Amino acid sequence: MHERGTRMRIGILGTGMLAAALGEGWARAGHELTVAGRSPAKAQELADRLGWRARAVTPRQAIADRDAVLLAVSWQGAEDMLRSAGAADGSLEGTALIDPTNAVEHGVGVVLTGPGEAMAQRIARLSPGAHVVKAFHMFPSNQWTGSRATGEPPVTVAMCGDDPEALRVVGELVRDVGGVPAVLGSLDRVRQLEEVAGFVIGLAFAGTDPNSAIPCVPSAAV
């Protein structure tokens, strides 16, 4: 078990904007990072950008002996990346696997997984033994790179997962980038959380501020 504030070993699968944004925050927090992607050159470029705490490796090496792994790829590329990492062989067994993917139609927000199916559950099936945690899928990557205005409250990162220790580990990583973790429930509820992301994305692309569509519930009414 890892105590709060201790250094973790984090694997990052992916080299895009979210991988870079969260990687920067976790490097600042003192964590050790391994980075892998489809392009070794891009993985090396990101590792160089993240500093001496990060190194570029292969996908299989990126997940070996990690406390948590971030699957920072498009939902369409998740299966190929997990295959490259050997997830089907149980290489992620016992590891907190963070799923920030949004399997939605671009610009519309309609969830594209099958009826009743959630992307996080699909990822869990592709990664036997992994402790999948849905998190970081509700905000754009620049949320984790900019500084908050004085007095501005931290954002809440809603999460779903089955394993209490994995939820705790990911919760600490949420705090390390300035967020506040909130567990919605187990993976049985993750489809609901993914539908919320589709709702937010759909409103945003339609030109409506999603914050204006979500009522603020007084604490006395909860």
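Owing to the predicted nature of the structure, the values given are computational and were not obtained by experimental measurement. (Residues numbered from 1 in each chain as written. Predicted model: local features only at pLDDT ≥ 70, side-chain atom pairs only at ≥ 80, totals over all residues. Heavy atoms only, no water.)

A. Focus on the pairing of strand β8 (residues 180-185). Both strand β7 (residues 156-161) and β8 contribute to a ladder of five bridges, which runs parallel. Residue pairing across strands places valine 157 opposite proline 181, the latter belonging to β8. This β-α-β element, β7 to helix α6 (residues 164-176) to β8, shows right-handed connectivity. (Pairing = 2+ DSSP bridges. Helix = DSSP H or I, 4+ residues; strand = E, 2+ residues; numbered from the N terminus. Right-handed = clockwise from strand over helix to strand, strands pointing away.)

B. Quick look at the packing of aromatic side chains. As enumerated under the stated definition, the model contains three aromatic pairs in all. Look at phenylalanine 136 and tryptophan 144: their rings are 5.5 Å apart centre to centre, the planes differ by 85 degrees, and that puts the pair in the edge-to-face class. This pair shows no difference in class: phenylalanine 136 is buried, exactly as tryptophan 144 is. Among the aromatic residues, ring-to-ring pairing joins Trp26, Phe136, Phe139 and Trp144 into one connected group. (Phe/Tyr/Trp six-rings, centres within 6.5 Å; stacked < 30°, edge-to-face > 60°. Buried < 20%, exposed > 50% of the residue type's maximum accessible area, 1.4 Å probe, protein only.)

C. Highlighting a nonpolar patch on the surface. Nonpolar side chains collect at one region of the surface, where Val108, Val110 and Leu112 lie side by side and expose about 230 Å² of accessible area between them. With respect to the helices, strands and loops of the structure, leucine 112 is situated in the loop between β5 (96-99) and α5 (119-126). The class of leucine 112 is partly exposed, set by a relative accessible area of 41%. (Patch = residues over 30% accessible without salt bridge, like charges linked within 9 Å, V, L, I, M, F, W, Y side chains within 5 Å. Areas by Shrake-Rupley, 256 points an atom, 1.4 Å probe, with all protein chains shown as cover. Salt bridge = Lys/Arg side-chain N within 4 Å of Asp/Glu carboxyl O.)

D. Structural context of the environment of alanine 213. Relative to the helices and strands, alanine 213 resides in the segment after α7 (190-205). By relative accessible area, which is 38% here, alanine 213 ends up partly exposed. Here the alpha-carbon distance between alanine 213 and leucine 203, two residues 10 residues apart in the chain, equals 8.7 Å. Sequence-distant contacts of alanine 213, defined by excluding residues within four places in its chain, comprise Phe199 and Leu203. (Contact = heavy atoms within 4.5 Å.)

Spatial relationships are all this shows, so hold off on functional conclusions.
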